[in-house]
Amino acid sequence: QKEVEQNSGPLSVPEGAIASLNCTYSDRGSQSFFWYRQYSGKSPELIMFIYSNGDKEDGRFTAQLNKASQYVSLLIRDSQPSDSATYLCALRPSNYKLTFGKGTLLTVNP
Amino acid sequence: NAGVTQTPKFRILKIGQSMTLQCTQDMNHNYMYWYRQDPGMGLKLIYYSVGAGITDKGEVPNGYNVSRSTTEDFPLRLELAAPSQTSVYFCASSFRDRGRSANYGYTFGSGTRLTVV
């Protein structure tokens, strides 16, 4: 049973466009959700956290959560080449251990 | 503030050898974790600990052992290295669970790239 599903990509967008990354999950008891960015050869870095339905904005990043439909998404506005990385979706189920998706590779083309 | 420190960064082992991956955090986090990441396979939890003296198995514990004698340190031991243990290993830590609204996303170390030949 796959708990967190992400499209592996690669997702390719031109510089300045909006990149949309999606994640679906199966555990309805999941309480909070995280987006991590991982550059090639580096460790994951937390960029967004959301636990309530709706949108949460932080600079060029917007996380969207819809618990009824069991999906969480990440929008990156004005995409830059430096945003090129793998984006990992993670959720907190009923316990404290995060469950990670396999990640979506994003490429922003200059 | 160093965060989560892992050593070594790279290591090549021969089949059957043993080694310990070191992990230290200076953020006074209660929870610590060991993950392995294989290409295209995401992060798999090996072992975790909720405090000194308490450890438990994750998804893929076979071939590994851990100990947690202090809040700061959480070493991972490979006893008999096998080619299947070739991977990138990440140590992570987080605060104690304080409910769904608490942002206790993990802080990761820089990783150890291990090759078993």
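In this report, the structure presented in the accompanying data block is examined. Not measured: the values here are computed from a predicted model.

1. Focus on the interface of chain B and chain A
With 25 residues of chain B in contact, the opposing surface of chain A contributes 23 residues. Here chain B packs against chain A, burying approximately 1,900 Å² in sum over the two surfaces, 58% of which is carbon and sulfur. One can count zero salt bridges joining chain B with chain A. Broken down by secondary-structure element, the contributors of at least two residues to the side of chain B that touches chain A are strand 4 (31–38) and strand 5 (42–51) of chain B.

2. Here we look at the state of the cysteines
Residue and element names in this part refer to chain B. Enumeration over the complete set of coordinates arrives at two disulfides over all chains. The disulfide partner of Cys 23 is Cys 91, and the gap between their sulfur atoms is 1.9 Å. Disulfide Cys 23-Cys 91: the torsion about the S-S bond is -70 degrees, which places it as left-handed. Here Cys 91 lies in strand 9 (residues 87–94) and Cys 23 lies in strand 3 (residues 19–25), a separation of 68 residues in the sequence. Residue Cys 23 shares its accessibility class with Cys 91, and that shared class is buried.

3. Examining the nonpolar core
Ranked by size, the top nonpolar core spans 23 residues in total, and within it A:Trp35, A:Val72, A:Leu74, A:Ile76 and A:Tyr87 carry the most contacts. The set of elements that each furnish at least two residues to this core consists of strand 3 (19–25), strand 4 (32–38), strand 5 (45–50), strand 7 (61–66), strand 8 (71–76), strand 9 (85–92) and strand 11 (104–109) of chain A. B:Tyr64, B:Phe74, B:Leu78 and B:Ala81 belong to the second largest nonpolar core, which has 19 residues in total.

4. Some details on the pattern of salt bridges
Residues and elements named next belong to chain A. All chains considered together, the criterion is met by five salt bridges over all chains. Across the salt bridge formed by Arg 37 and Glu 45, the nearest N and O atoms sit 3.0 Å from each other. Assessed through its relative accessible area of 12%, Arg 37 is described here as buried. Classification of Glu 45 as partly exposed rests on a relative accessible area of 36%.

5. Section: the layout of surface pockets
What the largest pocket holds in volume is close to 1,200 Å³. In this structure, the largest pocket is lined by 49 residues; those nearest its centre are B:Gln37, B:Asp38, B:Met41, B:Gly42 and B:Leu43. Every element with two or more residues in the lining of the largest pocket is listed here: strand 1 (4–6), strand 9, strand 10 (99–100) and strand 11 of chain A together with strand 4, strand 5, strand 9 and strand 11 (112–116) of chain B. Top contributing element to the lining of the largest pocket by residue count: strand 5 of chain B, with four residues. Taken together, the residues that form the lining of the largest pocket break down as 16 nonpolar, 22 polar and eleven charged.

So, how was this worked out
- Residues numbered from 1 in each chain as written.
- Chains lettered and ligands numbered in written order.
- Predicted model: local features only at pLDDT ≥ 70, side-chain atom pairs only at ≥ 80, totals over all residues.
- Heavy atoms only, no water.
- Contact = heavy atoms within 4.5 Å.
- Buried area = accessible area lost by both parts, 1.4 Å probe.
- Salt bridge = Lys/Arg side-chain N within 4 Å of Asp/Glu carboxyl O.
- Helix = DSSP H or I, 4+ residues; strand = E, 2+ residues; numbered from the N terminus.
- Disulfide = S-S within 2.5 Å.
- Buried < 20%, exposed > 50% of the residue type's maximum accessible area, 1.4 Å probe, protein only.
- Core = buried A, V, L, I, M, F, W, Y, C linked by side-chain atoms within 4.5 Å.
- 1 Å grid on protein atoms, 1.4 Å probe; cavity = no way out; pocket = protein on both sides within 12 Å on 5 of 7 lines; lining within 4 Å.
- Points joined across faces, edges and corners; volume = space filled by probe spheres on them.
- Nonpolar A, V, L, I, M, F, W, Y, C, P; charged D, E, K, R; others polar.

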